[in-house]
Amino acid sequence: MKRLKMAKYLIIAIFVVSVPEKAFSQDGVIEYEEAYIEIKSKSLKDDFFMVRYDFENDEIFIPLKGLFYFLEIYSIRIDLDKKVVNYQIDDSKYKNEIKNGKNFVLDGDLYVDLEGLEENFDFGKLNWSSQDLKLVLSPKFILPFEIREKGKIERLRLSEKKDDQKFDFILPEAKLLSPGLLKLAYSMNDIKSQNKQFNLEYGTQFLYGDLYVNYNLEPDSEIRNINLTYNNVYGENDLVIGDFYLRSPDFLNVNGSLRGVSFGEKNTYSSTLGNVTTIKGEAQGADVIELYQNNILLDYQRPTEKNFLFEVRDRSYGGDYSLKIYYANGQIENRKVYTVGDNKILNKNQWSYNLQGGQEKGDEEKSQGVMEVNFGVAKNLTLGVGLLEVQSTDSRKYRVLKNEVIYRLDFSSYPILLNFQNFYEYEQNESSYELRVSQKIKKYNLILNHFRYSDYLGYEDGKKEYNSIGISRDFVNTRVGVGYHEELSSKTLKKERGYYISLENRGFRNFSFFLDAEIDFDEENRKIYHFNPGISYGGISKFTTILQADIEGEKKFETDYSVKFLGRRSKFKDTSIEYVLSSEIKYNEEEKSRFSLDFTVYLDNYMYIELPVSKREDGETTVGISAEKVFDLGVLKRDVGDRQVDNSWIYGKVYIDSNDNGVFDSGETVLSDVDLIIDGKRVTSDENGVYFANGLLPLQSYKIEVDRKSIDPMLTQVFDKREVRTKASIGTQYDVGVQAVSMVTGNIIPAEGISSQELIRILSMTNIALEKDGELYQEIDPEFDGMFFFESVLPGNYKMKFIYLGSDNVTFSDKSLDVDIKLRKEDEGEYFEGFDVVVDIEESEEKVEVDFGSEDEDGYDLEDILNNF
């Protein structure tokens, strides 16, 4: 931009020292210099627009004919004697008389100053910068190019709508049984102790579902996790046979790890017991998972399998939890974390289900069952019913009928969401309920909770009643919250209460600061203080760190500190070997300090090696090692390039589609060294034209694009609406076809009697469309002389159509032309010409003509317009 400005000033300087031209005005002879400025109007722009400049008074004069040509209004007629301007846009005719401002005639054009341009035309407020030599106009009328583009966009929108309806998905083959992926994992926590662990993970397609098995061989032989999942069997509901997490109210204190059958949506949920919040979920192929609350980074982890678990200090007043998941393939997912009591309001006539039953994993094998159904009765009303038959960790049995009402009041400035859940223990004939109210009061967020439990249902959690109120407000980069809570003990009937204040700030780039302060009063009215300050940083894309402290006490304080550092996956310079470095330092009064360091290496064939090092305050150091390798049991020699056995891959050939059928046929030419881009990941075809894209997430749709820089310039990917869907532990085959591209050209020729003025006006309102199989393929605008050309046209049969957007009775000698693109050589495009039509105007008896003068009287012709460009 600076070079452009310098060029403008240089041009002006050249003209300053040149011989000045004579510009005649009504007052006599005035000398104005020729200068070039930048002019912009909507999406039109010209960096070197010629004007006349009065340097002494810092005034510019705009040539009207040049200005209207810039705006693509070629119908302009100027009466230089009367200073009258006539022009037409579509069927609207305009007439403007220059009454105000300075003006003069020069070289067959009428020059006006900015005041005259602003007051005599409907250009709105002009924005002129003499420093930048830039003029911006905002016409209050529709310009010809807008009419043309609007029509083009509408046709493209309709075409895309049809394309969406006919979207072609390449689906993986449904299989009763596939070979699958097998991971071998070997680890030693401490090399000195020789305590080793050997683990197997297996993922495959079995009985048309996704089978996942995690099996420990040493030191104890046991199945850690097994499930068979049928995804989206009804809407977005999954059927899981095997291991899963049970969704049950927190106050029932139920072990959530079950082996049985589950049906419902796959979401991530949190539960709170005491002052610890637990968040459990699944993330297939995750490299790093970060836990946030109100955009404040609280914790992170690197999962070694698809299941993950966070345990953090409860900050229920801090807002909603969310996860940011970095997948090994480069994808990033932002996921909301739900609480069991935080069911969402449904759309009208929408259903949601949570049907779960099975036995606890472990020695006791307690039977657990939950059946819940919610229905959207209206836009703002959801009703739900449920039945729970569960056992707590203390073997206390609960048989509960549940009903739920979620109601939203859509007040414009004060929306309210009410969530009421009633729990009836039908064997003990006792009822409990939980009421949650959230309201937004302009810029403030108000949260009210009122829970009341019966003697039987509230026994294990020790609560008879719980009440809390919190209010918070978000400023530009800061969030402030205050609140109060009280809890009535079911055993002593005494109250505990507390006050809190929470401060969060994100004002420094990529840094987050938070400080939680609480004062709690126990049943004996003793004060207990809690302080929880923290700083987190996630600025560089591959670097994250968290520093936080937990200070607690009555008179004497105990303090825990922790610092966590993670450098996400990076490459050693000039190699394909990747590594991850992470460390953690913890300190507390009992264990003193402990330092741990994890160094992970991914070798060329994606063998995973980790070297964890841990050192305590007493000097004791432990060094461990773990190694993993994944094999494709269908093709053992294949480089899987992944750590997850439930991920997917796409493979196929890159070829020249010589018969234009979109399928790779025997004998067609394959292409090597072609780069393909899949979800931001780049893969290259080998000498046989074969490519593999590994480490892709299952149940996703991927678009595969050919990098044009890696193939011959005359070749391009076959244009189609195809996306490839993936399934867990299995690959999807998709052969990528390319074809040579050609150019198609022609001319729009004026009929006898059509003047150059009329032709230019017609061309400015004309689009030319190329259709294939009844769908829009390309659309272009003709040049000023009527010539047009389509670039990058693939082989096939097309229809060429001429579209006039104006209101005149414009006709073309052919409404459409057949275009048949056949190549003599499959890899060489050709030049197809001669697609000419004649354009004419049919006169209408009702048409009212406005005489803009003859073409010889201060008019313009084709050469005049082309010279201005």
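Our structure is the block above this text.
On a predicted model such as this, the values are computed, not experimentally measured, just so you know.

## Examining the pairing of strand 10 (residues 109–113)
No. 1: Taken across its five residues, strand 10 has five buried, putting it largely inside the fold.
No. 2: Going residue by residue along strand 10, you find D109, Y111 and D113 tucked away on one face and L110 and V112 tucked away on the opposite face as well.
No. 3: Relative to strand 10, strand 5 (residues 59–63) runs antiparallel, the two sharing three bridges. From the neighbouring strand, P63 faces strand 10, where its bridge partner is Y111.
No. 4: For strand 9 (residues 103–106) and strand 10, the ladder comprises four bridges, and the chain directions are antiparallel.

## A look at the sheet that holds strand 57 (residues 766–772)
No. 1: The strand order across the open sheet built from four strands is 58-57-60-62, with neighbouring strands paired in antiparallel fashion. Both edges of this open sheet fall to strand 58 (775–780) and strand 62 (816–821), since each of them pairs with a single strand only. With direction set aside, neighbouring strand axes in the sheet form an average angle of 30°.
No. 2: By the bridge criterion, six bridges tie strand 57 to strand 60 (residues 796–804) in an arrangement that is antiparallel. Bridging across to strand 60, T766 finds its partner in Y804.

## A short note on the nonpolar core
No. 1: One finds L67, L117, F123 and M800 to be the most contacted residues of the largest nonpolar core, which totals 71 residues.
No. 2: Top contributing element to this core by residue count: helix 2 (residues 64–70), with five residues.
No. 3: Setting aside its immediate chain neighbours within four residues, M800 contacts V744, I768, A769, L770, F788, F790, K815, S816, L817, V819 and F835.
No. 4: Counting 39 residues, the second-largest nonpolar core is a separate cluster that includes V312, I656, Y691 and V724.

## Brief notes about the pattern of salt bridges
No. 1: The tally for this structure, following the rule as stated, stands at 28 salt bridges.
No. 2: One salt bridge in this structure joins E828 and K825, with 4.0 Å as the shortest N-O distance.
No. 3: Salt bridges sharing partners connect three or more residues here, namely E38, K45, D47 and K134.

## Points about a nonpolar patch on the surface
No. 1: A contiguous nonpolar surface patch, about 450 Å² in accessible area, is contributed by Y444, I471, V482, I501, L503 and L515.
No. 2: Looking at the secondary structure, you find I501 in strand 36 (residues 495–505).

## Let's talk about the sheet that holds strand 50 (residues 701–702)
No. 1: The strand order across the open sheet built from three strands is 13-53-50, with neighbouring strands paired in mixed fashion. With partners counted over all chains shown, the strands left at the sheet margins are strand 13 (168–170) and strand 50, one partner each.
No. 2: Here strand 50 runs beside strand 53 (residues 722–725); their pairing, made up of two bridges, is antiparallel. Bridge pairing in strand 53 places S701 opposite R725.

## Section: the side chain of Q717
No. 1: Within the fold, Q717 resides in strand 52 (residues 715–717).
No. 2: On the accessibility criterion, Q717 (18% relative accessible area) is buried.
No. 3: A distance of 2.9 Å separates a polar atom in the side chain of Q717 from the backbone oxygen of I704.
No. 4: Among the polar contacts listed, one links the side chain of Q717 to the backbone nitrogen of V706, at a separation of 3.0 Å.
No. 5: With sequence-adjacent residues up to four places away left out, Q717 is seen in contact with I704, E705, V706, V736, G737, V738 and L794.

## With respect to the pairing of strand 17 (residues 222–234)
No. 1: Summarising the sheet, strand 16 (residues 209–218) and strand 17 pair through seven bridges and their orientation is antiparallel. Bridging from a neighbouring strand, L211 pairs with L228 of strand 17.
No. 2: Hairpin connection from strand 16 to strand 17: three residues lie between these consecutive antiparallel strands.
No. 3: Relative to strand 18 (residues 237–245), strand 17 is paired through five bridges, and the arrangement is antiparallel. Pairing of T229 across the sheet is with V240, part of strand 18.

What counts and how
- Residues numbered from 1 in each chain as written.
- Predicted model: local features only at pLDDT ≥ 70, side-chain atom pairs only at ≥ 80, totals over all residues.
- Heavy atoms only, no water.
- Buried < 20%, exposed > 50% of the residue type's maximum accessible area, 1.4 Å probe, protein only.
- Helix = DSSP H or I, 4+ residues; strand = E, 2+ residues; numbered from the N terminus.
- Pairing = 2+ DSSP bridges.
- Axes fitted to C-alpha atoms, helices over the stretch in contact; angles between N-to-C directions.
- Core = buried A, V, L, I, M, F, W, Y, C linked by side-chain atoms within 4.5 Å.
- Contact = heavy atoms within 4.5 Å.
- Salt bridge = Lys/Arg side-chain N within 4 Å of Asp/Glu carboxyl O.
- Patch = residues over 30% accessible without salt bridge, like charges linked within 9 Å, V, L, I, M, F, W, Y side chains within 5 Å.
- Areas by Shrake-Rupley, 256 points an atom, 1.4 Å probe, with all protein chains shown as cover.
- Polar contact = N/O pair within 3.5 Å; in protein donor to acceptor, adjacent residues only side chain to side chain.

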